[in-house]
Amino acid sequence: MTVETRLFIGGEFVDAAAGGRIAVVNPHDGSELASIAEARAEDVDRAVEAAAAAFPGWSATPAMERGRLLLKLADAIEADTDGLARLESTDTGHPLRDSRALDVPRTAVTFRYFGGMADKVQGSVVPVEKGFLNYVMREPVGVVGQIVPWNFPLMFTSWKMGPALAAGNTVVLKPSELTPLSTLRVAELMRKVGFPPGVVNIVPGYGDKAGQRIAEHPGIHKVAFTGSTATGRKVVRASAGNLKRVQLELGGKGANIVFDDANIPAAVGGSAFAIFHNQGQACIAGSRLLLHDKIADEFLDRFLKLTRSIKLGDPLDAATEMGPLTSAMHRDRVVAFCKVARDEGGEVLTGGRPPERGDLARGFYVEPTVVRAKPADRVSQEEVFGPFVTVTTFRDEDEAVALANGTVYGLGGGLWTENLARAHRVARAFVSGMVWINSYKRVNPGSPFGGVRGSGYGREMGFEAMHDYTEAKSVWVNVDAKLPPFYPR
Ligand code: TXE
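The structure displayed is predicted, hence computed values, not measured ones.

## Some thoughts on the overall build of the protein chain
Within the protein chain, the secondary structure is distributed over 15 helices and 20 strands. Its C-alpha atoms give the protein chain a radius of gyration of 24 Å, near enough to 23 Å, the size a compact globule of 489 residues would have. Burial analysis of the protein chain (489 residues in total) assigns 57% to the buried set. For the protein chain, the computed accessible surface area is about 19700 Å², with 54% contributed by carbon and sulfur atoms. When the 56 positive and 56 negative side-chain charges of the protein chain are each reduced to one mean point, those points stand 3 Å apart.

Below, the structure is given as C-alpha cells:
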C-alpha cells in the first residue's frame, strides 16, 4: 500500500511550509517506514484558516447530510479493513489480529454511530413564565483542535472527529509524530467519500511546535487532547489566551480488584487482557492488580503461567499475541521501571526485559512483566504505560476500595466478584469515570469515556461527546407578555 506522507489542508495533500520531515519507524525492526512532512506553526495557521473558511458551509449543512458523509466514511473504512489493519500494525506494533478485530471495526462503528447521531441531537424548550417562549439551541463550537497520541491512532480519529463533525464543527487534528500514517489514510478516504475541503485538516508534527500552536491558536475555540497528564497541563495553560474550551483524556492507573468470591479463571483471563492488550499502552489498562489475600496465591500461579505463555512476535504474524512497544524511547522507559521497582523493595516476578530471541532483537519488545509492589511505591502510583502490572494484596473490601482510589488518577477500574451487592457497592465507591464488573476495558461509541481528577475532564463518546462539541444558546421570545414600563415617565 502506498501511504500519503504530506499534510492534509483545505482538501489537498500539501508539503509543509518549512520543508521539515519526520522519520516514521517500524517498531518491529527499527527500520524507516516513511518520511512524512512535518507541520509547524505556520502550517497549523494555514489549516486553521482552511477550517474557518469551511465552517459556515459545514455548520449550515443539514445534519442528516453531515451524518450521511460519516456513514459513507464508516463504510469506506470497513472496505479498507485489510490495508488499514496492516498499516496500523506496521506503524504502531499492534498485533494484526487486534488491528483487524478491534482497531478497524471500532473506528468504523464509531464513525457510524456519530453519523447516525448527527440529526438526533436536539435543543429544548424551557417552561418559563407566561408570555414568553424560551428555547435552547445546540450550536457547534467552531474550529476545533484535536491532539492525538500514538497508542490507538486510528481509533482515536473516530473518537475525536466523529462527534466534532456530526455536531457541525470543522477540525484541525494533529496525530502523534510517531504514528501518523493511518490518520493520513483516513484523510484520503474522507476526500474520496466527499467531505468538503477544509472540514478536516490533518497536521502531523511535534508536540512542542504543531501541538503547542493548536493549543494556543486564537482561531480555535475548543481543543480536545489525549495524552499524558503533564502535557495536558501545558495544553490548559496554552488555551488560556483565548479561553478556549478544553477536553482532556489523560493518564490512568487502573485498579483491577479480584475478590475472594470471584470466578478465578475468568478473572485471570480478563486481568491479562486488561493489562497486556496493546502491550499495556492504554490509558485504561488495568495496571494495578489488587488481590484478596485468600485467593492471591492461586490467582497469581495461574496469572503468571498465562503471562509467560503470551506469544510475542512480529505484529504481522497472525499468531502474535503481543507486539513491540511503539517507540524505542518508550521501551527504555518501561524497562527502567523495573529498576525503580527493585530500588523500592519490589520483586519482578516475571518479564521486565526485552526478549532474548534474535529475530526480535532490533524491535522495541518487552516481555510481559508482573511486579510485586507496595501501594505507595512509584510503580504503583505512576503510569508505566507498558505490559507491566503491579500486584498488591488486601484483607477486606474497605481496604480494596481505599487502595483502588489511592492514586492521583481516576480514569477506569475493574472488579471481579460473584456477589451482586458487593459489585454495585464497590462500583459506586470507585472515584473514576468508568468501572467494569467481571470484565475490563469494554468500550462502545454510545458509552461515555473519560476520567476525573488527574485523568482529565470532559467525555468522549455518546450524547456526552455531542454535548461537549456544542454550545447552548438560549433564545427568549416575547409571545404575548405585557411588560410593565421599566422607566415610567
Ligand atoms: O505523551 P504526550 P508521550 C502517557 C503515558 C506515556 C506518557 C508519555 O504514560 O508513557 O504519557 O507519552 C502531543 N502541546 N500517555 O510523551 O507528550 C504529542 O505530539 C500540545 C497516556 O508520547 O502527552 C502527541 O500528539 N501537544 C495517553 C500527544 O501530545 C503536545 C496516551 C501526546 O503526547 C505537546 C499517550 C505540547 N506542548 C501517552 N507536547 C493516554 N491518555 O492514552 C506533546 N504534545
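We are not done yet, so read on.
## Comments concerning the site of the ligand
Around the ligand, the structure places 25 residues, and the nearest of them are Trp150, Lys174, Glu177, Ser228 and Glu383. At a separation of 2.9 Å, an oxygen atom of the ligand approaches a polar side-chain atom of Thr231. Across the complex, the protein chains shield 87% of the 810 Å² of accessible surface that the ligand would expose by itself. Among the secondary structure elements, those contributing two or more residues to the shell around the ligand are α7 (207-216), β10 (222-226), α8 (229-239) and α11 (328-343). The class makeup of the residues in the shell around the ligand is nine nonpolar, 10 polar and six charged. Counting contributing residues, the shell around the ligand receives three or more from each of domain 1 (7-250 + 451-475) and domain 2 (255-437).

## Things to note about the nonpolar core
With 85 residues, the main nonpolar core has Leu165, Phe195, Val258, Phe299 and Phe303 as its most contacted residues. The greatest single-element share of this core, amounting to eight residues, is contributed by helix α5 (residues 153-166). Counting the residues that make up this core, at least three belong to each of domain 1 (7-250 + 451-475) and domain 2 (255-437). In this structure, Val258 is in contact with Ile264, Ala267, Ser271, Leu289, Leu290, Leu291, His292, Ile295, Phe299, Phe394 and Trp416, ignoring residues within four places of it in sequence. With 25 residues, the next largest nonpolar core counts Val48, Val143, Ala238 and Leu250 among its residues.

## Focus: the side chain of Ser271
Locating Ser271 in the fold gives a position in helix α9 (residues 264-276). In contact with Ser271, other than residues within four places in its own chain, are Asn256, Val258, Leu289, Phe299, Phe303 and Trp416.

## Topic: the domain arrangement of the protein chain
Domain annotation for the protein chain reports domain 1 (7-250 + 451-475) and domain 2 (255-437). Spacing between the C-alpha centres of domain 1 and domain 2 amounts to 30 Å. Residue-level contacts link 32 residues of domain 1 with 33 residues of domain 2. Across the domain 1/domain 2 interface, buried area totals approximately 2600 Å², and carbon plus sulfur atoms make up 60% of it. When residues of domain 1 are sorted by the area they lose upon contact with domain 2, Pro27, His28 and Trp150 head the list and together hold 22% of the total. Between domain 1 and domain 2 we count zero salt bridges in total.

## Side note on the packing of helix α3 (residues 81-92) against helix α6 (residues 181-193)
Axis separation between α3 and α6 bottoms out at 9 Å; the angle between their running directions is 155°. Relative to α6, α3 is oriented roughly antiparallel. Residue-level inspection shows Leu84, Leu87, Glu88 and Asp91 of α3 in contact with α6, the latter providing Leu181, Ser182, Arg185 and Leu189. In terms of residue class, the contact of α3 with α6 is made up of four nonpolar, one polar and three charged.

## Some remarks on the packing of aromatic side chains
All chains considered together, the criterion is met by 13 aromatic pairs. Their ring planes at 40° and their centres at 5.8 Å tell us that Trp58 and Phe195 sit as a pair that is tilted. A residue pair is termed long-range when its members are at least 10 positions apart, and Trp58 in helix α1 (residues 41-60) and Phe195 in the loop between α6 and β9 (200-202) qualify at 137 residues. We note that Trp58, like Phe195, is buried. For the ring pair Phe276 and Phe303, a centre distance of 6.1 Å and an interplane angle of 20° mean the geometry is stacked. One end of the pair, Phe276, is in helix α9; the other, Phe303, is in helix α10 (residues 296-309), with 27 residues separating them in the sequence.

## Considering the sheet that holds strand β17 (residues 412-416)
Either a parallel or an antiparallel arrangement is found when strands of a sheet pair, and the pairing is made through backbone hydrogen bonds. Strand order in the open sheet made by the seven strands is β14-β15-β16-β13-β12-β17-β18, with mixed pairing throughout. For this open sheet the edge positions go to β14 (347-350) and β18 (434-437), each flanked by a neighbour on one side alone. In this sheet, adjacent strand axes meet at a mean angle of 25° when their direction is disregarded. The sheet contact formed by β14 and strand β15 (residues 369-372) spans three bridges and is antiparallel.

## Here's the deal with the side chain of Ser158
Turning to its location among the elements, Ser158 is positioned in helix α5. Overall, Ser158 belongs to the buried group, its relative accessible area being 0%. With near-sequence residues (within four places) excluded, Ser158 lies in contact with Arg106, Thr107, Thr110, Phe111 and Pro163.

## Concerning the environment of Ala282
If you trace the backbone, Ala282 turns up in the loop between α9 and β13 (288-292). The class for Ala282 is buried, based on a relative accessible area of 5%. With 28 residues separating them in the primary sequence, Ala282 and Gly254 have C-alpha atoms 10.0 Å apart. For Ala282, the contacting residues outside a window of four places in its chain are Asn151, Phe152, Phe385 and Lys441.

What counts and what doesn't
Residues numbered from 1 in each chain as written. Predicted model: local features only at pLDDT ≥ 70, side-chain atom pairs only at ≥ 80, totals over all residues. Heavy atoms only, no water. Helix = DSSP H or I, 4+ residues; strand = E, 2+ residues; numbered from the N terminus. Rg over C-alpha atoms; globule rule 2.2 N^0.38 Å. Buried < 20%, exposed > 50% of the residue type's maximum accessible area, 1.4 Å probe, protein only. Areas by Shrake-Rupley, 256 points an atom, 1.4 Å probe, with all protein chains shown as cover. Lys, Arg positive; Asp, Glu negative; His and termini not counted. Charge placed at Lys NZ, Arg CZ, Asp CG, Glu CD. Near = heavy atom within 4 Å. Polar contact = N/O pair within 3.5 Å; in protein donor to acceptor, adjacent residues only side chain to side chain. Nonpolar A, V, L, I, M, F, W, Y, C, P; charged D, E, K, R; others polar. Domains from an automatic or database assignment. Core = buried A, V, L, I, M, F, W, Y, C linked by side-chain atoms within 4.5 Å. Contact = heavy atoms within 4.5 Å. Buried area = accessible area lost by both parts, 1.4 Å probe. Salt bridge = Lys/Arg side-chain N within 4 Å of Asp/Glu carboxyl O. Axes fitted to C-alpha atoms, helices over the stretch in contact; angles between N-to-C directions. Parallel < 35°, antiparallel > 145°, perpendicular 65-115°, else oblique. Phe/Tyr/Trp six-rings, centres within 6.5 Å; stacked < 30°, edge-to-face > 60°. Pairing = 2+ DSSP bridges.

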